Amino acid sequence: MKKKFPDLDSKPSFSNIENEILDFWNKNNIFQKSLDKNYDSEYVFYDGPPFANGLPHYGHLLTGFVKDIIPRFHTMLGNKVDRRFGWDCHGLPAEMESEKEIGVSGRAEIIKFGVENFNDHCKQSVMKYTQEWEKSVYRQARWVDFKNDYKTMDISYMESVIWAFKELWKKGLIYEKDRVMPYSWKAETPISNFETRLDDSYRERTDPAVTVKVKIADYDIESSILIWTTTPWTLPSNLAIAVNEDLDYLILTKDGENLIIGEFALDKYSEELDGFKVIKKIKGKEIVGLSYVPIFPYFKDEKNAFKILSGEFVNTEEGTGIVHMAPGFGEDDQIICEQNGISSICPVDLKGRFTSEVKDYEGVLVFDSNKEIIRRLKSNDILIKHENYKHNYPHSWRTDEPLIYRTLNSWYVEVSKFKDKMVENNQDINWIPGHIKDGSFGNWLEGARDWSISRNRFWGTPIPVWKSTDPKYPRVDVYGSIDEIEKDFGVRPKNLHRPYIDELTRVNPDDPTGKSKMVRVEEVFDCWFESGSMPFAQVHYPFENKEWFESHFPADFIVEYIAQTRGWFYTLMVLSTALFDKPPFLNAIGHGVVIDENGSKLSKRLNNYPAPDEVWNKFGADALRWFLVSSPILRGQNLVMDRDGSGIDASLRQVIVPLWNSVYFFTLYCNIEDYSPSIINDSKLPIDKYILSKTHKASKDVKEALSNYDITGACNIISEFIETLNNWYIRRSRNRFWDKTTNKNARDA
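Everything quoted here is computed from the prediction, not taken from an experiment.

Reading guide: rules and limits
Residues numbered from 1 in each chain as written. Predicted model: local features only at pLDDT ≥ 70, side-chain atom pairs only at ≥ 80, totals over all residues. Heavy atoms only, no water. Helix = DSSP H or I, 4+ residues; strand = E, 2+ residues; numbered from the N terminus. Buried < 20%, exposed > 50% of the residue type's maximum accessible area, 1.4 Å probe, protein only. Areas by Shrake-Rupley, 256 points an atom, 1.4 Å probe, with all protein chains shown as cover. Lys, Arg positive; Asp, Glu negative; His and termini not counted. Charge placed at Lys NZ, Arg CZ, Asp CG, Glu CD. Contact = heavy atoms within 4.5 Å. Phe/Tyr/Trp six-rings, centres within 6.5 Å; stacked < 30°, edge-to-face > 60°. Lys NZ or Arg CZ within 6 Å of the ring centre and 35° of its normal. Pairing = 2+ DSSP bridges. Right-handed = clockwise from strand over helix to strand, strands pointing away. Core = buried A, V, L, I, M, F, W, Y, C linked by side-chain atoms within 4.5 Å. Axes fitted to C-alpha atoms, helices over the stretch in contact; angles between N-to-C directions. Salt bridge = Lys/Arg side-chain N within 4 Å of Asp/Glu carboxyl O. Parallel < 35°, antiparallel > 145°, perpendicular 65-115°, else oblique.

*Asks:* Describe in detail the overall build of the chain, supporting the description with residues and values.
*Replies:* Scanning the chain from terminus to terminus reveals 25 helices and 28 strands. Referenced to the eigenvectors of the C-alpha coordinate spread, the extents of the chain come out at roughly 115 × 70 × 45 Å. A total of 749 residues make up the chain; the buried ones form 55% of that total. Summed over its atoms, the accessible surface of the chain is roughly 34,400 Å², and 47% of this surface lies on carbon and sulfur atoms. When the 96 positive and 113 negative side-chain charges of the chain are each reduced to one mean point, those points stand 4 Å apart.

*Asks:* How would you summarise the environment of Leu22 if you had to cite specific residues and measurements?
*Replies:* The topology assignment puts Leu22 in helix H1 (residues 14-27). Using a relative accessible area of 3% as the deciding quantity, one classes Leu22 as buried. Those residues in contact with Leu22 that sit more than four places away from it in its chain are Tyr138, Arg139 and Ala141.

*Asks:* Describe the packing of aromatic side chains, naming the residues involved and giving the relevant values.
*Replies:* Overall, the coordinates contain 46 aromatic pairs when judged by the stated rule. Centre to centre, the rings of Trp444 and Tyr570 are 6.1 Å apart; their planes meet at 80°, and the pair counts as edge-to-face. Residue Trp444 is located in helix H13 (residues 440-446), and its partner Tyr570 is located in helix H18 (residues 568-580); the two are separated by 126 residues in the primary sequence. A single burial state applies to Trp444 and to Tyr570, both of which are buried. Sitting over the ring of Tyr412, Arg179 keeps its end group 4.7 Å from the ring centre.

*Asks:* Tell me about the side chain of Arg457, residues and numbers included.
*Replies:* Summarising the element assignment, Arg457 is placed in the loop between strand E19 (454-455) and strand E20 (465-468). Ignoring sequence-local partners within four residues, the contact set of Arg457 consists of Leu92, Glu95, Glu99, Arg107, Ile110, Ala187, Glu188, Thr189, Arg498, Glu522 and Val524.

*Asks:* For the environment of Pro394, give the residues involved together with the corresponding values.
*Replies:* Here Pro394 lies in strand E15 (residues 383-394). Given the relative accessible area of 4%, Pro394 is considered buried. Pro394 sits 193 residues away from Ser201 along the chain, and the two C-alpha atoms are 5.4 Å apart. Once residues lying within four places of it in the same chain are set aside, the contact partners of Pro394 are Thr196, Ser201, Tyr202, Pro402, Leu403 and Tyr405.

*Asks:* Lay out the pairing of strand E25 (residues 558-561) with the relevant residues and their values.
*Replies:* Burial along E25 is two-sided: the face carrying Ile558 and Glu560 and the face carrying Val559 and Tyr561 are both buried. Across four bridges, the pairing between E25 and strand E26 (residues 587-591) is parallel. Considered in E26, the bridge of Glu560 is made with Gly590. You can see the chain leave E25, run along H18 and come back into E26, and the turn it takes is right-handed.

*Asks:* An account of unusual backbone geometry is requested, with residue identities and associated values reported.
*Replies:* Of note, the bond from Tyr541 into Pro542 is cis; its omega dihedral lies within 30 degrees of zero at 0°. In this structure, Pro542 sits in the loop between helix H16 (534-537) and helix H17 (546-551). The step from Phe553 to Pro554 runs through a cis peptide bond, and the omega angle for that step is 5°. Following the sequence through the fold, Pro554 ends up in the loop between H17 and E25. Residues other than glycine seldom take positive phi values, yet Tyr709 does so here, at roughly 65°.

*Asks:* Please provide a residue-by-residue account of the nonpolar core, values included.
*Replies:* Formed by 66 residues in total, the largest nonpolar core has its most connected members in Val413, Trp451, Phe529 and Tyr570. Within the residue set of this core, elements represented by two or more residues are helix H8 (155-170), strand E16 (404-413), H13, E20, helix H14 (482-489), helix H15 (527-532), H16 and H18. It is H18 that contributes the most residues to this core, ten residues altogether. In contact with Trp451, not counting residues within four places along its chain, are Ser192, Phe194, Trp411, Tyr412, Val413, Val415, Asp526, Trp528, Phe529, Thr571, Val574 and Leu575. Among the nonpolar cores identified, the runner-up in size contains 59 residues, and Ile227, Phe306, Ile336 and Tyr393 belong to it.

*Asks:* Lay out the sheet that holds E25 in plain terms, naming residues and giving numbers.
*Replies:* The strands making up a sheet associate through backbone hydrogen bonding, with each pair oriented either parallel or antiparallel. Strands sit in the order E17-E26-E25 across an open sheet of three strands; the sheet is parallel. With partners counted over all chains shown, the strands left at the sheet margins are strand E17 (430-432) and E25, one partner each. Sheet twist, expressed as the average angle between the axes of neighbouring strands with direction ignored, equals 20°. Note: E17 against E26, three bridges, orientation parallel. Note on E26: the bridge partner recorded for Ile432 is Ile589. Each of E25 and E26 touches helix H3 (residues 58-76); the most contacted strand, E25, lies at about 160° to it.

*Asks:* How would you summarise the pattern of salt bridges if you had to cite specific residues and measurements?
*Replies:* The full count for this structure, using the stated rule, is 51 salt bridges. In this structure, the salt-bridge partner of Lys128 is Glu97, at a minimum N-O distance of 3.4 Å. With a gap of 31 residues between them, Lys128 in the loop between helix H6 (115-125) and helix H7 (130-139) and Glu97 in helix H4 (residues 92-102) connect regions that are remote in the sequence. Lys128 sits in the partly exposed class, given a relative accessible area of 35%. A salt bridge links Glu484 to Lys166; the shortest N-O distance between them is 3.0 Å. You can see Glu484 sitting in helix H14 and its partner Lys166 sitting in helix H8, a full 318 residues away along the chain. The network of salt bridges with common partners includes Arg475, Asp477, Asp488, Arg506 and Asp510.

*Asks:* Would you mind going over H7 in detail, with residue names and values included?
*Replies:* Considered for burial, the residues of H7 that qualify are Thr130, Trp133, Ser136, Val137 and Arg139. The inward-facing, buried residues of H7 contact H1, H3, strand E3 (84-87), strand E4 (145-151), helix H19 (612-618) and helix H20 (621-629). Just downstream of H7, Ala141 is the residue with a positive phi angle, here 65°.

*Asks:* Describe in detail the sheet that holds strand E6 (residues 189-190), supporting the description with residues and values.
*Replies:* The four strands lie next to each other as E6-E5-E16-E18, forming an open sheet whose pairing is antiparallel. Every other strand in the sheet has two partners, leaving E6 and strand E18 (451-452) as the edge strands with one partner each. Strand direction decides the pairing type here: strand E5 (residues 174-184) and E16, joined by ten bridges, are antiparallel. Within E16, the residue paired with Pro182 across the bridge is Tyr405. The strands touched by helix H9 (residues 331-339) within the sheet are E5 and E16, with E5 carrying the most contacts at an inclination of about 140°.

*Asks:* Could you give an account of the side chain of Ser136, with specific residues and numbers?
*Replies:* Tracing the chain through its elements places Ser136 in helix H7. Judged by its relative accessible area of 10%, Ser136 is buried. Apart from the residues within four sequence positions on either side, Ser136 is in contact with Pro56, Leu61 and Trp616.

*Asks:* Which residues make up the packing of H8 against H14, and what values do they have?
*Replies:* One can describe the packing of H8 onto H14 by two numbers: an axis separation of 10 Å at closest approach and a directional angle of 80°. By the angle class used here, H8 and H14 are roughly perpendicular. Touching Ile155, Glu159, Ile162 and Lys166 of H8 are Ile482, Asp483, Glu484 and Ile485, all from H14.

Written out as structure tokens, the structure reads:
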């Protein structure tokens, strides 16, 4: 006789069961069938694109589980939810990987290798691990469309990106300028200001700090002023000194030598200034405008330089209250110097080495020059103090090397013009956890600065700007479509990448001599600009799918880890506000980070986490899913995962096994009694009424929790229900299960 239910193993391999389910879904095309149903409404989900030149890690898996749970839930509510996978293809990660694989390093070697060859390699390399990604996403039981994926290197995507640039240009939100910005000398490229806030970019570092006396040339009291800096390598480029007009300064004297220092700093220099006496207290404004003797001779003839200027940013937190300014290497320095007619000088090349302008250190990496510069200060008898200074310093999150700040020509989005609108749009977003809205994201938006969107690299969407080669006949052309390019150049580009796009030149229409040409600027887009373009670029808007996009924007939901408040969340907001005057999404989860038991991020190098394949085989994907999404990590906190995966094992034992045991117990007795069960919604027995009410309440509460994007809360409700079902209802109803199904009490149980 055929049994009512298949015989279940009391101690099964959950991994094997999962593989059977995956096989069933795959063979029967279940995901596609769920999309093909007739729906009255849609729910819009944006899938942030990962790089495929690296293997997925637990951060990706966590985000992937959430990307699966919320769309499944809304599908169950009767909404169609498209889930289209995307790939981040351009940018520094792809280029650095290719440099490593090819065996080249830096711009000069790439150019020698050939830009076309290099970009061809990037194109292949960037998709190296797509199969591993698909395998991993498939194994975690995440439903997503890989066949209809989008890639940021597709010409359709790139065309939408240049359209966005042209729209911003037309709105007056794009400008080009030499500005001081974070710069990676190792990767030879600038870094966005928000990138320095990503992934532990600030790290503790010890640098030499020096206090140097600088002779004032035209003060009534013959004196030297004491400046302090943690970047001795910038002293050869010193062009000004700043004091705060309202701070108190002291003039000290000893053996005919007079020194000026901030009053607050005197105690810190008790040893170096032993024997000096105070002869006068002055306000900073008394010495503003005075000239001083250059510390180094390299730029001694620079116009308007070597004066003491007023700087409100000068404070009493550290140093001497007197700030050395090298406008080529400091943002505040550049602003104040420009206001006083002093040009920015940057005698450092793209590799971070001094140029011939500073002949004594030509070719030396700036950090490596510190010792020699300090030695020279000492030999010139102007070094007052040399100390080691431990501080948090920004590093490149791509190369791990310390950044420098330097002037560089770049194209900017003038975010400061519309940051108030971004703050306003942020109020329309439901953030999980809620403190992100007016905390990390809200504060970041309020302080938003103009965004450098160009990179002097090779593999990326080109900045679509052509300029005249002759400054006598200036002209700038900006293109926002392939049609516009074809119209002016007579060629329809089939590939927008370098070097092909660079080959398009034409005669400058504004040059009556006909000699100058229109040539594209060399830069490509910051890849963050491309990922921020994802909502419209993935559907080739506005060239295709115009009506679809406009009716599906903004998204209902996105999820990434919380540091993306400085990354993808932010760039989406910038472009969405600037282009469409709307927030880019309405609900967002910013989750925490998975760390090891020592508080370190999970790392292949440290081998401090179990490999995903080990977890799939030993515990199953559902145990990992529960371990991750039931934890406080989805409320913005970090989650500890040890090398043995004990937390995953606990999820298996405490949730999945008890649930399986209840199903096993149920099917076992149905088969013994040859009983076909049916759903009941009411019972006369109090214990049945109790479990029915608990079931109804759990269902209602889980729906409410997931509707509020509280996945962790939903897990807590389910855990409590399993506890009630197994350890209360089933345990207290065992006698009824053992009874014959001719008894109504047994049948109801």
